[in-house]
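# Geometric and topological summary
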Amino acid sequence: MSADDAALETYMLAAMRLAAQADPAPGRLAADAMAALAMRLPGCVVAAPADLTAASGARAGGKPQMHRFAADDTTLDVETTITEGRLEIAGQVSPPPAPDAYVEVRTPHVTKVRVPSPDGQFAVAGLPPGWVSVAYHRPSDPPVVTRWLRVRA
Amino acid sequence: MLFEVHDESIPLDLLDDHAWSELVACFNGPMWAVARAAGLGAADASDAVQGAWLRLVESVDRIRDPRAVGAWLMTTTRREALRLGRKAGQEFPADPPDLYGHPTLAAPDPTTEIVDADYGRTLWSRVSRLSEPCRTMLRLFALNPDVRYAQVAARMHIPVGSVGPTRSRCSAKLRTLLAEDPLEC
């Protein structure tokens, strides 16, 4: 079966279920979609995964997962770990940050702000597993944000 | 087209809460249906749909054709679903050529326009014309979103390994019926 046929098969099945009202979307899904809009940072620079395979949204499985994102001359390394059902993030921005720079570790429902150390390191714990993105705010340049990454146990 | 853009000259980077909520009301249900039809369980499907919305937020400044947003959302939902499903070891067939590239509005899948209840009703009218085992198999998958291949195999008295290929053949027959008689509902 070709990729096009597989896609068409999926869309046909989805249409049949919509017609049959066989599997309605859960109510919280709309709230999650609305929350996504609040995550927008106008004018930001999106940092793409520098290692596409590693940044594919892997399940952590209790082991730290390393992800590298890059945009312009800035690199963000993000290490994700699930510990006792909560998401921990340890990261580093390069080159070393200016004094007024700060980092937001964002999920659709919780955002935590950290001022990185002089050599660019930061850490956050206690986040809900799921989608996460890091926004690096620089005093003289647009913020750099990583692409959204999904982390589950 | 599922979503009517009132003024196509308005760039999407001016979308406000109201416009976004219209998008959500229009597409959230179909996106959920796509994620589930791609074989995901409820938790993973929720992640796939939310991931597609977040990708839209990432990409909204690059959107030039608001009329393509629906197709883009549906295409992106399926890509995210396939990616997450592959991680979860799901059993539904999937062979996407590039799971890790960033989706762009240049390539939304036009066939996503069929993800619509009206089109679904047309499909149901054709299912009743199919012979067995296709009629039963497609009904099983359409009406039981969490059904597993092993359950279908047991119900239909066929080997588990035959379920996927049979399902694909039945979908192809359904498409053929629709192509032969596209207008009757």
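What you are looking at is a predicted structure, and each value in this text was computed from that prediction instead of being measured.

Next up on the list: the packing of aromatic side chains. Residue and element names in this part refer to chain B. Tallying each qualifying case throughout the model produces two aromatic pairs over all chains. Arranged with centres 5.4 Å apart and planes meeting at 55°, the rings of Trp 20 and Trp 53 form a pair that is tilted. Separated by 33 residues along the polypeptide, Trp 20 in helix H1 (residues 17–37) and Trp 53 in helix H2 (residues 42–59) bring together distant segments of the chain. You'll find Trp 20 and Trp 53 in the same group, each marked buried. With centroids separated by 5.9 Å and ring planes inclined at 80°, the aromatic side chains of Phe 141 and Tyr 149 adopt a geometry described as edge-to-face. The class of Tyr 149 is buried, set by a relative accessible area of 8%. Here the basic side chain of Arg 167 rests over the ring of Phe 141, its NZ or CZ set 4.6 Å away from the ring centre.

Below, the discussion takes up the packing of H1(B) against H2(B). All names here are of chain B. Contact geometry of H1 with H2 gives a least axis separation of 9 Å together with a crossing angle of 140°. For the element pair H1 / H2, the angle class is oblique. Of the two elements, H1 crosses H2, and the hand of that crossing is right-handed. Here Trp 20, Leu 23, Val 24, Phe 27, Asn 28, Met 31, Trp 32, Ala 35 and Arg 36 of H1 come into contact with H2, specifically with Ala 42, Ala 45, Ser 46, Ala 48, Val 49, Ala 52, Trp 53, Leu 56 and Val 57. Residues of the contact of H1 with H2, tallied by class, amount to 15 nonpolar, two polar and one charged.

What follows covers the pattern of salt bridges. All names here are of chain B. Taken as a whole and judged by the stated rule, the model has 14 salt bridges over all chains. One salt bridge connects Asp 146 with Arg 36, and the closest N-O pair in it is separated by 2.9 Å. Taken together, the positions of Asp 146 in the loop between helix H5 (134–143) and helix H6 (149–156) and Arg 36 in helix H1 put the pair 110 residues apart, joining distant regions of the chain.

Residues and elements named next belong to chain B. Mapped onto the fold, Thr 77 is located in helix H3 (residues 69–88). Residue classification places Thr 77 among the buried residues on the basis of a relative accessible area of 0%. Every residue in contact with Thr 77, bar those within four places of it in the chain, is listed here: Met 31, Val 34, Ala 35, Ala 48, Val 49 and Ala 52.

Rules used throughout
- Going along each chain's sequence as written, the residues are numbered from 1 onward.
- Chains carry letters from A onward and ligands carry numbers from 1 onward, assigned in written order.
- Given that the model is predicted, a residue must reach a pLDDT of at least 70 before its local features are reported, and side-chain atom pairs must reach 80 or more before they are shown or counted; all residues, however, enter totals for whole chains, interfaces and linings.
- Values reported for side chains reflect all heavy atoms of the structure, with hydrogen atoms and water molecules removed beforehand.
- Aromatic contacts are taken between Phe, Tyr and Trp rings whose centres are within 6.5 Å, Trp giving its six-membered ring; a plane angle under 30 degrees counts as stacked, one over 60 as edge-to-face, and the others as tilted.
- Helix and strand labels come from DSSP, where a helix needs a run of H or I of at least four residues and a strand needs a run of E of at least two; each type is numbered from the N terminus.
- For the exposure calls, accessible area comes from a 1.4 Å probe over protein chains only, and a residue counts as buried if that area is under 20% of its type's maximum, exposed if over 50%, partly exposed in between.
- By definition, being over a ring means that NZ of Lys or CZ of Arg is both within 6 Å of the ring centre and within 35 degrees of the ring normal.
- Here an axis means a line fitted to C-alpha atoms, over the contact stretch when the element is a helix, while the angle between two N-to-C directions is reported on a 0 to 180 degree scale.
- Oblique is the label for every angle not falling under 35 degrees (roughly parallel), over 145 degrees (roughly antiparallel), or within 65 to 115 degrees (roughly perpendicular).
- Crossings are sorted by hand: turned counterclockwise from the far helix by less than a right angle, the near helix makes the crossing left-handed, and turned clockwise it makes it right-handed.
- Every residue pair with non-hydrogen atoms within 4.5 Å of one another is taken to be in contact.
- For this classification, the nonpolar set comprises Ala, Val, Leu, Ile, Met, Phe, Trp, Tyr, Cys and Pro, the charged set comprises Asp, Glu, Lys and Arg, and every other residue, Gly included, is treated as polar.
- When a carboxyl oxygen of Asp or Glu is within 4 Å of a side-chain nitrogen of Lys or Arg, the pair counts as a salt bridge.

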